Amino acid sequence: MSGAYDTLVIYNFGYWDPEHLGNFNYFIKHGIRGNDGARYAIILEHLIATELLDLPPFPSNVQVCFWFMTVHRVIHHQHNHP
């Protein structure tokens, strides 16, 4: 990802309830924009999430990672790679 961003949005997705999947799908359909001044980090807590999700191609300001990449590591990466 490249460019300067004003906002970091972290979405931590864990599939504990079927409602979570609906909320997540709404977020990726309506909440992410390629040129909105934000950088997005989507954290998938479970490997099973990859089986449940049909992720679309994301704009370059979106980073998808798995549960073992903690919020701390995401923030550290964003801070060191503006």
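Below or above, wherever it landed, is the structure these notes cover.

**Regarding the packing of aromatic side chains**
Tallied over the full model, the rule gives 4 aromatic pairs. On the basis of an interplanar angle of 35° and a centroid distance of 4.7 Å, the ring pair of F13 and F24 is categorised as tilted. Taken together, the positions of F13 in strand β1 (residues 7–13) and F24 in helix α1 (residues 18–30) put the pair 11 residues apart, joining distant regions of the chain. Each member of the pair, F13 as well as F24, is classed as buried. One aromatic cluster in this structure is built from Y11, F13, F24, F27 and Y40.

**Re the sheet that holds β1**
Taken in spatial order, the 3 strands make up an open sheet running β1-β2-β3, and their pairing is parallel. The open sheet has two free edges, formed respectively by β1 and β3 (62–66), since each of these has just one partner strand. Put simply, the sheet's adjacent strands are angled 20° from each other on average, direction ignored. α1 contacts β1 and β2 (38–44) of the sheet and is inclined by roughly 155° relative to β1.

**Details of α1**
Between the first and last C-alpha of α1 there are 19 Å, a value that for 13 residues agrees with the 18 Å anticipated at 1.5 Å per step. Among the residues making up α1, those that are buried are L21, F24, F27 and I28. Buried residues of α1, viewed axially, fall in a sector of 125°; they line one side. In this structure, α1 carries P18, E19, Y26 and K29 as exposed residues pointing more than 90 degrees from its buried face. Regarding α1, its N-cap is D17, as a side-chain oxygen of that residue lies 2.7 Å from the backbone nitrogen of E19 further along.

**Observations regarding the nonpolar core**
The biggest cluster of nonpolar side chains holds 13 residues, and the ones touching the most others in it are F13, F24, I32 and I42. Every element with two or more residues in this core is listed here: β1, α1 and β2.

**A look at the environment of I32**
You can see I32 is positioned in the loop between α1 and β2. In sequence terms I32 and N61 are 29 residues apart; their C-alpha atoms lie 9.2 Å from each other. Leaving out residues up to four positions away in the same chain, I32 has contacts with F27, Y40, I42, F58, P59 and V62.

Analysis parameters
- Residues numbered from 1 in each chain as written.
- Predicted model: local features only at pLDDT ≥ 70, side-chain atom pairs only at ≥ 80, totals over all residues.
- Heavy atoms only, no water.
- Phe/Tyr/Trp six-rings, centres within 6.5 Å; stacked < 30°, edge-to-face > 60°.
- Helix = DSSP H or I, 4+ residues; strand = E, 2+ residues; numbered from the N terminus.
- Buried < 20%, exposed > 50% of the residue type's maximum accessible area, 1.4 Å probe, protein only.
- Pairing = 2+ DSSP bridges.
- Axes fitted to C-alpha atoms, helices over the stretch in contact; angles between N-to-C directions.
- Contact = heavy atoms within 4.5 Å.
- Expected span 1.5 Å × (residues − 1).
- Arc of directions from axis to C-beta.
- Polar contact = N/O pair within 3.5 Å; in protein donor to acceptor, adjacent residues only side chain to side chain.
- Core = buried A, V, L, I, M, F, W, Y, C linked by side-chain atoms within 4.5 Å.

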